[in-house]
Structures are given as C-alpha cells and as structure tokens.
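Here are the chains, one letter per residue:
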Amino acid sequence: MSTALRPELLPTADELIALRAVAAGLRRPDAIVRGGRVLAVHTGEFLERDVVVSGRHIAAITPVGRFDADVVVDAVGRHVVPTYIDAHLHIEYTMLTPGELARLSIPRGTTTVLTDADCLANVSGVAGLDFMLETTTPLRIFEQITPVTPVSPSLERGGAIIPDAVVRDRLRAPATVSLGESNPYDMSPEATHRFRDALAAGKRITGHTARMSDEALWGYLAAGVSDDHNAATADEAIERVRLGAMITVMAGSMNDNTVPLFADLEKITPCLGHMCFCADDKHALDLSTEGHIDHHVRRAIAAGIDPAQAYRMATWQPALYYRLDHLVGALTPGRLADLQVIDDLAEALPSLVMVGGEVVARDGRALFDNDDAVPSWVLQTMNVPEAPPAGELAVHATGTVAHVRAMQMYDGYFKREITAALPVVDEHVVTDPAQDVLKIAVIDRHHGDGLAGVGFVRGFGLTSGALAVTTNCTNMNIVAVGASDSDILFAVERLRDHGGGFVAVAGGRELAAVPLPVGGAMANAPWEQTAARLATAHEVARGMGCRIPSPFMILSFVGLGGVPELGLTERGLIDVSSQTLIDVLLAPDAHAPLCRCGHSSSSAPAGRGAQAPIEEGPRS
C-alpha cells in the first residue's frame, strides 16, 4: 500500500500538462481570482496578484492582468488566503455528520479537517471509521487513526473492538496523516509498537499530554509523540516547543486556549512558528456562533499577532507539519485551488470560498447540499434494556454518613480528586445537592445488560433532575449526572427512546432533548436545527441550576480515563495515574484518599487529593 497522502488529489499527468501550458501562457485558464492581496505564506507578504486556476489546481500566481479567463473573481481591495485547516477534530463531537459539518464550516473558511473518529470507532468498529471519512461535499477529511479501541480494555468493555493489525495497516493508508491521540499513561509494549509503526510509515503521532510535565511528559514525547493540543499556558507551550512538539492550539466548547496562550504575546512569540489550530471537541452551536478555525485567527490577531502569521498558523503551518503541504495550505503552483477571499483580515470571515477550483460558498452560505446517505446500521446503536437495573446505581454503606472519592471539575474536563461526606439512607449513599455533590453513572449501551459504574462529582450545580448523554468519551456509553437514581434512570429511558443524544429531565418529565441517532453521537438533521435544540437544552440546564457552560459536552468527558485525576467507566472508578480501578467508598478510618506522594489528603496541596473549594464551573 502506498504511503503517499491522498495521491488522487495530486494533478494527473494530463492535469500537469494543462497546468504547465496555462502557466506558460499557451492555454487559457479556467478561472482567475483577480487583483487581490494574495498571502505568500512562505515569506509572510501580501502581494497584489492574480491567482490563475486550471481545473482543480493553481497554475500560477501572476502580476495583475497578465492572463484572462472566462471566469474571473474580482478580489480587488480584498485579501486572498488559503482555506483553513483544523489540525485535530473529533467530528462526532460537533454533533454533525461530515456533510452537515461541511455546510456549517466551509462557508466560514475551514475546508480541511484532520479527524480522529474514536467515537464511531467505539460504536461500529472499522465501518464507523470509514463512515466518518466519507462525504460527497467539498470537505477534505484526513484520518488520524484511533490507536486502540476500546482505549483501555482492562478498564472498560466499550462497544466495538478494532484489532491492532487493522490500526497498523491503516497507518499506511493514503488518507491517514497521523496516529491518533493516545492515553499518555499507557506504557504498554502494544502502545510502543504502534508508535514505532507510525514512525516507520512516515506519519506523525498526535499527542494528548493531559498537561503533564517533567518525567511524565518526557516519557510520552520519547515515544515519538510530536504534537499537543492540551498546552494551556505559555509555560506549557514553551516547554513542549523546546522539546520539538507542535502546539495545536485548542479552542473547543470546553476550553479556549487561545486566551491564556496569547495573553503574554512577548513570552509566546518564539513559539508562534511552531503552532497551528484545532477545535478538538466543539459542538454545532459554538461552531455556528463563535466559529471554527476563523475563531482562532480572530483571537490571534486581536491579541496582537501579525495577521500574516495568524493566517500561516491556520493554513501553511499545519499543512507543512502534517506533510500535506504538497496539496493544501499555500497558494502556489501545483497546489489545490482551495482559497478564500476575505474583506477584513481581523474579522477572518470569507465572502467567497473556492475548493478545488470551484466556488462553494458565498457570504456565509454554502452553495452545495449535503446529500450524504446515512446507512441504517449507524442509526441502530442503542442496546439498552427496557428497564435498566436500578441496583446497578446503588452505593451501599452503613451508618448515617459515608466518605467517598469524588471528582471536582475544573478547566473544562479536568478533574481533581476530593473527599465528600454524604448521607446514608437505608444503607445507600445518596447525593447532596446542597454541597453540589451529585451521582454520576456510566451505563453500558452496547451489550444490553445495563452494566454501570458509579461515582460522585462536584461542579454541575444541579438542584434537582438529571442530565444524560450517549457520548461518553471514548467508549460512547451513556453517562448521566443527577440528584437522584430515579432521575438518572428516567433519563436513560428517554435516551433509549430517542436512539441516542442529550436529555435533561426532572420529576419524571423530559424538559429538553437533542436527538443524536447517528451512532448515538450525531444528528440526522440540518445543523441549524441541531444548534437550536442544543441552545434550548443549555437554557433548560441553567434553569436546573447547572453552572457549567456546555454541560452536555463536559458531561461526555467526566469519565475519560486519560485526563487526571479520576475517570469512570461502566466497570467503575479509575485512578488515572495508575490506570487501575479503585473503590468509590472510603474506609471509615480513611476519610481522605491518599495523595500521589502517599500522605493523607489533609496534608496534600489543593488539587492533589485535598478537599477543594467549590468552583464556579470550568473556564470556557
């Protein structure tokens, strides 16, 4: 199998003949973008030029008026730049199928995405991976192949299983740009062999450092991991860039790292040439109101970064780093004619978008339809019993008060381990909304037995009711947070009836729902409808006392076992650093869990096992 990236996007021999003839003035171009200030990404200059197009590709960049064509786009007084590249995205967490994402994001200038389809991989295996790479729309999708499915076989059952041999084979596939992000705490020989195979295939290794430092970070990067989208401070970015890692600046629905990273421009400037942008996990509502990669560019320019550099970070730098620069990322001869005309550089929104030499969007509106078929098998992924066993949610204890390990949410999906004292009623530990400690459960939706892992969490602020989703990262089980077991069980029933999605319930009533029947993760509806439903669900959650922005997205990540300090699967509570299952309930003589150094949490610093103060939710 060829290791060349997407050779079908390169000019054919006939196209090369045409490109050379057009550039030499021997053949009439198919189109010209006339007289705009064209960004030369290699020098950082904006030059008044014509972009001369032959078929799908750029034939030449010439002085204004050198050639003529039947199709001429007037760009005089405006800027012409490459279209944006999202360097790391889980399309499923946009809540949209690839075709609907195209309708939303291409008019905003993002036409190429590098995607890790770990969600649908866990639901439908290899067929899920393939589904997430296919669209008839102009969106260009490259694969960051999910390293292992399920992520932690000893800690979770998940849904589908993808053999390691399949991953290794796909590393050599022409649509694959990198090995996808992996659990940074996985030091197994199997993980090491995957890293080695990626390096041998000439592919990058996408990183997820979980904001580690020192030995933990060094051990992860030593495997060949070469980028990171978790760096959230200038110091973290500088540390990683000094070690050779590309910083993929994340701005999603749970974290916007453009704010802290660009706050001290003088400090971060040495890193700018080794940065690109990604949304990672960003839902349809935020994409439609805040933006996709156009958001990063606006934030960068507003922070004082030179506009040419901001646009290079969104185009050429990711293309160069991920070895796509022979196809996209620059307006130069032989590259695909993927470009956008922008009136105001600081606004970063195009008035025209061209992909492969065809105008596909104007003034924020897609000029194409989403005609992608959704097969029936991806609409039938909820295997939940008619009556989920209530006993699966019980935490048994004696006495009147029990001490439990709980998760304190902060900075999006990061979690500190805390100790909570909760009431015991009829030998069952119950929640205490007064101190904002709620029950959280990850409930199987793949095997039909309702197996559930239970924990406790602080930060959601619900005073009653429950929120639940079918998008638990990464095994795509149900995860619900609620003030009572009855609310959680009712939420599970509603999710089953919707075929997956998000719900908010209270008192035996469904207050809001966002159906996501495609794999239990994506809507089978226009993006406009999905975004509107999510806006309603957010408003309902606020009315229930929830203080977290994007609560359904963050709920999807509470259980993630690759982010400190605790995780949760259908098998139980996880100590992230040791990657082992641990008890929720603490022994009566051990009211505080041990911190990482082995001392009781009463002497540990806040955030490393100590009782942490209630926070006003994560920063978004």
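Residues numbered from 1 in each chain as written. Predicted model: local features only at pLDDT ≥ 70, side-chain atom pairs only at ≥ 80, totals over all residues. Heavy atoms only, no water.

(A) Structural view of the overall build of the protein. Within the protein, the secondary structure is distributed over 17 helices and 29 strands. The globule rule puts the C-alpha radius of gyration for 620 residues at 25 Å, and the 25 Å found for the protein is close to it. Seen along its three principal axes, the alpha-carbon backbone of the protein occupies a region of about 90 × 45 × 45 Å. The buried share of the protein, taken over its 620 residues, is 62%. On the protein, roughly 21,500 Å² of surface is accessible, and the fraction owed to carbon and sulfur atoms is 52%. Computed over 49 positive and 75 negative side-chain charges, the separation of the two mean positions in the protein equals 5 Å. (Helix = DSSP H or I, 4+ residues; strand = E, 2+ residues; numbered from the N terminus. Rg over C-alpha atoms; globule rule 2.2 N^0.38 Å. Buried < 20%, exposed > 50% of the residue type's maximum accessible area, 1.4 Å probe, protein only. Areas by Shrake-Rupley, 256 points an atom, 1.4 Å probe, with all protein chains shown as cover. Lys, Arg positive; Asp, Glu negative; His and termini not counted. Charge placed at Lys NZ, Arg CZ, Asp CG, Glu CD.)

(B) Broad picture of the UniProt feature "domain: Adenine deaminase C-terminal" (unreviewed entry) in the protein. Mapped onto the present numbering, the UniProt feature "domain: Adenine deaminase C-terminal" (unreviewed entry) falls on residues 415–579. Secondary structure within residues 415–579 divides into 23% helix and 35% strand; the distance between the first and last C-alpha atoms comes to 15 Å. (UniProt positions renumbered as here; feature names shortened; annotations may be inferred.)

(C) Here's a closer look at the environment of Leu-566. Relative to the helices and strands, Leu-566 is located in strand 27 (residues 566–569). For the pair formed by Leu-566 and Thr-398, sequence separation is 168 residues and the distance between their alpha carbons is 25 Å.

(D) Representation of the packing of aromatic side chains in the model. For the structure shown, the criterion picks out 8 aromatic pairs. With a centroid separation of 6.2 Å and 75 degrees between ring planes, the pair formed by Phe-131 and Trp-377 is classed as edge-to-face. Of the two residues, Phe-131 sits in helix 4 (residues 126–131) while Trp-377 sits in the loop between strand 17 (365–366) and strand 18 (401–410), which places them 246 residues apart along the sequence. Note on Phe-131: relative accessible area 9%, which makes it buried. Ring geometry for Tyr-410 versus Phe-414: centroids 6.0 Å apart, planes at 45 degrees, classification tilted. (Phe/Tyr/Trp six-rings, centres within 6.5 Å; stacked < 30°, edge-to-face > 60°.)

(E) Main features of the sheet that holds strand 9 (residues 176–179). Here 5 strands make up an open sheet; going across it, the order is 6-7-8-9-10 and the pairing parallel. Among the strands making up the open sheet, the edge pair consists of strand 6 (84–89) and strand 10 (204–205). Strand direction decides the pairing type here: strand 6 and strand 7 (residues 110–115), joined by 4 bridges, are parallel. Bridge pairing in strand 7 places Asp-86 opposite Val-113. (Pairing = 2+ DSSP bridges.)

(F) Geometry of the domain arrangement of the protein. Taken domain by domain, the protein holds domain 1 (11–77), domain 2 (84–315) and domain 3 (395–581). The straight-line distance from the C-alpha centre of domain 1 to that of domain 3 is 53 Å. (Domains from an automatic or database assignment.)

(G) Geometry of the pairing of strand 21 (residues 437–443). Judged by how many residues are buried, strand 21 sits mostly within the fold: 7 of 7 residues are covered. A two-sided burial pattern is seen for strand 21, the buried positions comprising Val-437, Lys-439, Ala-441 and Ile-443 on one face and Leu-438, Ile-440 and Val-442 on the other. Inspection of the sheet shows strand 21 paired to strand 22 (residues 452–458) by 7 bridges, in the antiparallel sense. Its bridge partner lying in strand 22, Ile-440 is registered against Gly-455.

(H) Examining helix 8 (residues 234–242) more closely. When helix 8 is considered as a whole, its buried residues turn out to be Ala-234, Glu-236, Ala-237, Ile-238, Arg-240 and Val-241. The positive-phi residue at the C-terminal boundary of helix 8 is Gly-244, with phi of around 95 degrees.

(I) Representation of the pattern of salt bridges in the model. In the structure shown here, the tally under the stated rule is 34 salt bridges. Here Glu-386 and Arg-496 are joined by a salt bridge, their closest N and O atoms 3.9 Å apart. Placement of the pair is Glu-386 in the loop between strand 17 and strand 18 and Arg-496 in helix 15 (residues 485–498), with a sequence separation of 110 residues. Glu-510 is the salt-bridge partner of Arg-494, the closest N and O atoms lying 2.9 Å from each other. Here the residue Arg-494 occupies a position in helix 15, and Glu-510 occupies one in strand 26 (residues 509–515), the gap between them amounting to 16 residues. A relative accessible area of 28% places Glu-510 in the partly exposed class. One salt-bridge network, held together by shared partners, links Glu-386, Arg-494, Arg-496, Asp-497 and Glu-510. (Salt bridge = Lys/Arg side-chain N within 4 Å of Asp/Glu carboxyl O.)

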